[in-house]
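# Structure at a glance
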Amino acid sequence: MLRMGMLSAVVTGLLVLSPVASATTPASGELTPQSGDLTFTSSPLLSNAGECAVAPCDDYALTVTLPANFDQTAPGATVRVTLTWSNPADDFDLQLLENGSEIDSSGEAPGTPEVVEVPAGAGTRSLVVRVVPYAVAGGTATGTVSLVIPDPNSGTPPPPPPPPAAGLAPRFQVHVAPPLLGNDSGEPTLGFNPFTQRVMFIDYVNALRVSFPEDLDPQTPVACDATWEDKSGRITQLNTLDPILTTDQTTGRTFNSQLSGANSLFEYSDDDGETWIPGQIGLPNGGADHQGVVAGPYPDGFPTAGLLYPNAVYYCSQSVATAFCARSDDGGQTFGPGMTFKNTDCSAGALHGHPKVAPDGTLYIPDSSQCVLPLAESAEKVVAFVSEDAGMTYSVRPIPQSAGGAGSDPSVGIATDGTVYMCYENADGTTHVAVSRDKGETWINDTNIGAAAGLVATRFPAMVAGDPDRAACAFLGTTTNGGSESLAFEGVWYPYIATTYDAGETWHLVNVSPNDPVQGFGGVGPSGINRNLLDFNDAEIDDEGRILFAYADGCTGACVLDPRANGFAAKGTIVRQTGGRTLYAAFDEQMRFNASTPLAPAAACASSTKSQRTISRTRVGWNAPDDGGSAVTRYDVYRALAPNEAFTLVGSTAGKTSYVDTSANPGVERYYYKVVANNAQGVAPESNVIELPISEDTVVDTCSLPGEIIATDALGDGLGDDFDFEYIAVAEPLEYEGNLVITMKIANFSATVPPPGSFYGMLFPLNAQRFLALDSTQGPTSFVYGTYEELPQGLLAFNAEGALDERSQYAADGTVVMVVPKSVFGDLTPGTPIAGFDARARAGTSAATSRDTAGPGTYFVRGTSICSAAGLLLADIEASVNKGGAPLDVDFTVSGDAAEGTQLQSWSIDFGDGQSLQDQAFVNGQSSAHVVHTYRSAGTYAARAWVKDSKGNVSSNSAVEHIVVSGANASGGSTDQGRFGGALPMTLLLGLLVALGLRQRLRR
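About the criteria used
- Residues numbered from 1 in each chain as written.
- Predicted model: local features only at pLDDT ≥ 70, side-chain atom pairs only at ≥ 80, totals over all residues.
- Heavy atoms only, no water.
- Helix = DSSP H or I, 4+ residues; strand = E, 2+ residues; numbered from the N terminus.
- Buried < 20%, exposed > 50% of the residue type's maximum accessible area, 1.4 Å probe, protein only.
- Contact = heavy atoms within 4.5 Å.
- Areas by Shrake-Rupley, 256 points an atom, 1.4 Å probe, with all protein chains shown as cover.
- Pairing = 2+ DSSP bridges.
- Phe/Tyr/Trp six-rings, centres within 6.5 Å; stacked < 30°, edge-to-face > 60°.
- Lys NZ or Arg CZ within 6 Å of the ring centre and 35° of its normal.
- pLDDT = per-residue confidence, 0-100.
- Disulfide = S-S within 2.5 Å.
- Axes fitted to C-alpha atoms, helices over the stretch in contact; angles between N-to-C directions.
- Lys, Arg positive; Asp, Glu negative; His and termini not counted.
- Salt bridge = Lys/Arg side-chain N within 4 Å of Asp/Glu carboxyl O.
- Core = buried A, V, L, I, M, F, W, Y, C linked by side-chain atoms within 4.5 Å.

## Focus: the overall build of the chain
When its secondary structure is counted, the chain shows 5 helices and 66 strands. Among the 1004 residues that make up the chain, the fraction classed as buried is 59%. Across the chain, every contact between residues at least 6 apart in sequence was considered, and the portion connecting residues at least 24 apart equals 64%. For the chain, the accessible surface area stands at approximately 36900 Å², while carbon and sulfur atoms represent 51% of it.

## Remarks on the sheet that holds strand S24 (residues 363-367)
Spatially, S23-S24-S25-S26 is the arrangement adopted by the 4 strands of the open sheet, whose pairing is antiparallel. Each edge of the open sheet carries a strand with a single partner, namely strand S23 (356-357) and strand S26 (395-398). Two elements, S23 and S24, share 2 bridges in a ladder whose sense is antiparallel. Each residue of the ladder has a partner; that of Lys-356, found in S24, is Tyr-364.

## Examining the packing of aromatic side chains
Using the criterion set out here, one finds 26 aromatic pairs in the structure. Here Phe-341 and Tyr-394 contribute two aromatic rings whose centre-to-centre distance is 5.5 Å and whose plane-to-plane angle is 50 degrees, an arrangement assigned as tilted. Here Phe-341, found in strand S22 (residues 339-342), pairs with Tyr-394, found in the loop between strand S25 (383-387) and S26; they are 53 residues apart in sequence, far enough to count as distant. Take Phe-341 and Tyr-394: they sit in the same class, and that class is buried. What links up through ring pairs into an aromatic cluster is the set Phe-255, Phe-266, Tyr-268, Tyr-309, Tyr-315 and Phe-335. When the ring centre of Phe-212 is taken as origin, the NZ or CZ atom of Arg-576, which lies over that ring, is 4.0 Å away. Against the face of Tyr-671 rests Arg-639, its NZ or CZ located 4.5 Å from the ring centre.

## Some details on the confidence of the model for the chain
Of all residues in the chain, 87% have pLDDT values of 70 or greater, and the mean over the chain is 85. Note that residues 1-19 has pLDDT below 50 and, in this model, 70 contacts with residues that lie over four places away or in other chains. Below a pLDDT of 50 lies the segment residues 372-378, which in the model reaches 14 contacts outside its immediate sequence neighbourhood of four places, other chains included.

## Concerning the state of the cysteines
Throughout the structure, instances matching the rule amount to 6 disulfides. The disulfide partner of Cys-224 is Cys-605, and the S-S distance across this bridge is 1.9 Å. For the disulfide bridge between Cys-224 and Cys-605, the dihedral angle about the S-S bond is near 100 degrees, and by the sign convention the bridge is right-handed. With Cys-224 in the loop between strand S13 (206-211) and strand S14 (227-230) and Cys-605 in strand S38 (residues 605-613), this pair connects stretches of sequence that are 381 residues apart. Grouping residues by exposure puts Cys-224 and Cys-605 together as buried. Sulfur-sulfur distance for the disulfide between Cys-555 and Cys-559 comes to 2.1 Å. Between Cys-555 and Cys-559 the sulfur-sulfur dihedral comes to about -110 degrees; the bridge is accordingly left-handed. There is no split in this pair, since Cys-555 and Cys-559 are both buried. Disulfides within the chain link the bonded cysteines, taken in sequence order, as 1-2, 3-10, 4-5, 6-7, 8-9, 11-12.

## Observations regarding unusual backbone geometry
A cis amide bond, omega 0 degrees, links Gly-855 with the succeeding residue Pro-856. A cis amide bond links Ala-886 to the next residue, Pro-887, at an omega of -5 degrees. At Asn-99, a residue that is not glycine, the phi angle is positive and equals roughly 55 degrees. Within the secondary structure, Asn-99 sits in the loop between strand S5 (91-98) and strand S6 (101-106). In this model, Tyr-204 sits at a positive phi of 55 degrees, which is unusual for a non-glycine residue. For Tyr-204, the location among the structural elements is in the loop between strand S12 (198-203) and S13. Residue classification places Tyr-204 among the buried residues on the basis of a relative accessible area of 18%.

## Observations regarding the pairing of strand S62 (residues 904-910)
Most of S62 sits inside the fold, with 5 of its 7 residues counted as buried. Here S62 runs beside strand S63 (residues 916-921); their pairing, made up of 4 bridges, is antiparallel. What sits directly across from Ile-909, in S63, is Leu-917.

## Description of the sheet that holds strand S56 (residues 838-843)
Across the sheet, 6 strands lie side by side as S52-S51-S50-S49-S56-S57; this open sheet has antiparallel pairing. Only two strands of the sheet have a single partner each, and these edge strands are strand S52 (796-803) and strand S57 (852-854). With strand direction ignored, the average angle separating the axes of adjacent strands in the sheet is 30 degrees. Here 6 bridges tie strand S50 (residues 770-775) to strand S51 (residues 782-790), and the two strands are oriented antiparallel to one another. Paired with Arg-770 across the strands is Thr-787, a residue of S51.

## What about the side chain of Asp-724?
As for its placement among the helices and strands, Asp-724 is situated in the loop between strand S46 (708-712) and strand S47 (725-731). It is Lys-745 that comes nearest to the buried, bridge-free Asp-724 among opposite-charge side chains, at 9.7 Å.

## Overview of the nonpolar core
Ile-728, Ile-742, Met-762, Met-818 and Phe-837 are the most contacted members of the largest nonpolar core, which totals 32 residues. Counting residues per element, the ones that place at least two in this core are S46, S47, strand S48 (739-746), strand S49 (758-764), S50, strand S54 (815-821) and S56. Leu-31, Leu-45, Leu-94 and Val-129 belong to the second-largest nonpolar core, a separate cluster that totals 28 residues.

## Topic: the pairing of S47
A regular strand carries its side chains on alternate faces of the sheet. Along S47, 6 of the 7 residues are buried, which leaves the element largely enclosed by surrounding structure. By the bridge criterion, 4 bridges tie S46 to S47 in an arrangement that is antiparallel. Opposite Thr-712, over in S47, you have Tyr-727 as the bridge partner. Relative to S48, S47 runs antiparallel, the two sharing 6 bridges.

Listed below in structure tokens is the structure:
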């Protein structure tokens, strides 16, 4: 049953005369180097739309006590406060104050953890951590205060970070692939076509095309989401091993390679994936792993007369202890023999980074192996293999201060004058960049670029360069020490971009997704169950020098709120620079590419997908714009009845990217909205206009099959209908009490039954590596459960321990239903997240390579009590007037909705001013009743109602109306704002119950 205060907490826009702040539990704490993390819990709070004068915020008094020289002995140390909560529909904000002034704040979207972080400094300081209940349902939040000290296990202080760079840091926007695309993007690579301004992105076997909003027709603000399209070819959609994609910016040709044994399936496109042309399949002596493709100029003096393509195309791959590069002189149609560039007697392995070509035709291949011969001085160093004769012969150029053998490939970026930047993961796990002006003969400015953020373990560097003194490295990093490759690792990883404008003397370091980790608990493994991100990421620059960074997001769903719920996803993601200096100085004077002076914000992007309007509630959402280098302080929200009519300001937010319009009239079929951002520098251009008609509330029914769909997958991307996932769903019907019912929907079974030798598994990596499966590899089809483990070459071994419930079944249409005891997942209560739900479709054996995948997904347990008859009983309340001067007479209507076979028997009401009526009978079988109550004193009152049916069941909700009474003898006329700011009609109630994991299955 819902607590009385939970539903009323969602109401915003009403004047509540209450203290600015109350206290957390505990109310205070002292953070020292020896104290460890501090935790506190907020009180159950009411929504206040960010105004603590409307409804209380909670304050935590934080004393930070550090040695007087702490900023010298622990450079880069920070005080970090993280706020989390269990209900993903809640929307808390977080502020950090010192001497009464705000020094940092966080105001993310609902369900997103709030994080503030400031330099720790030295000595003693008094801070206040403020929990702000922007739009919540009466829940609580938990705060964690941490002293983040770089390299805390070191016996000596870590080296100081590089000097901070001057001017404004570059600014970025994250573009995530839509639900049906980009779900298997481990090892993503991308290419930019300057002729069309599009980006091509490889998602395993699928080639995706990405168009940015300002290049679409009609054009929308840059802050809007990119458009992703599947433009896969025929050859590379086969079941292959490694993907790679690159675009030759000279011609716009995109090359797409899929590894197949020692050969490579190869194709190219000159029209961004509309058509693909097959290239050479396989090389005479190619390697069997880790291929790379690049196109670039021929060296000076190379005979190019009569060649069909202006650039050389190189294909490089490795084979156990050696590696090869082959060259195509006809644009990828055919390749010559592979030439060995790595020594064959190096037993340490031959994995290498991706090749790059300099403007003068010099070919570079970065490498981090510990064994590089014949140069003794290069042993155990990070090196560049350098060819100045179009890939025929190679020199080895080591970085003297490096230590090779780390888990990630190094990456090379080459400037317009040939300056080489090498970004590499050092053997100690930190990420460095070294610079060479002489093709790797010597290296300068070898710098730990993650030190400023206290990063102690890093992965997957991707380097790009523009003008001679400008370059950027994108990589993943964590501040947590120890065992970063282990499933038991309890650190969180974030994506970073470090940018230099002075050839590596100084660096800007930016966490491009500070409130959405790229990997939760469980480490980033070079092998093993946690190898969801595979071996590398990628970076490019566009024709204006803007940085593009491709990575696979492993932390999705519940993991964003709680990193312990990591499902090891691989969601395709592109980060794009939106402001600050690019890597080409020629664009510095253009608007938004500002170096030192902040600007007014760019236009925000009003978003229909982030907005919803029902008869009871209107929520407007938008994408934040580029802030010009000065934080957005306010968004103004405007509304009109038609897109070409005058817009009226309906409200503002203090920097949040959503607004609840409590003045929306449900009698108006559709409204139009736009948003304007503001910062200290000025006012942004207007956003785009979105149309919001009244729509039905989304209802999730976990009381009947298939339940809640928690993951979807595009049809047509599997190898035939029998191995093509459509969705994963979870239900908790009453008749399956004590069980979860998990549905895997396959396109269909072509022979009406699962094919012989097929295996459909569902994996839960952080739940003791459990699996559930429909298994036809051992004879007759059966439903089994057990655990799985890693085999060599990334294969999995499944060890069955028993059979699932006998009610598990499949149907000819591809519906696979697995009935699983909840006890398999531990002690589950409503609201508990279950992460994983990683589906695999295989053929031949259970250990074979997957023919299609779906997920991972996250399910929040709801329980079966909401499916009982009592759960069908709901109350409603309406007030004739919501505000006016005292004394104020209010005519309340109390009504209810009873389950079939029952009648409403009685009603109760608490007027909120200390008076109430209990168990008043409904007369003559009616389902509503009226009562008039007089409020005699000024204040804000919550009137709540309950109903009871003929079986004695009490309604599970607390219907509420808010009444605002002023001291003046004002008119008591009704207002739309009061009505829809206070009443909770049935549709809104359903939405809230869904969000809280407590929805009832209603008859209407």
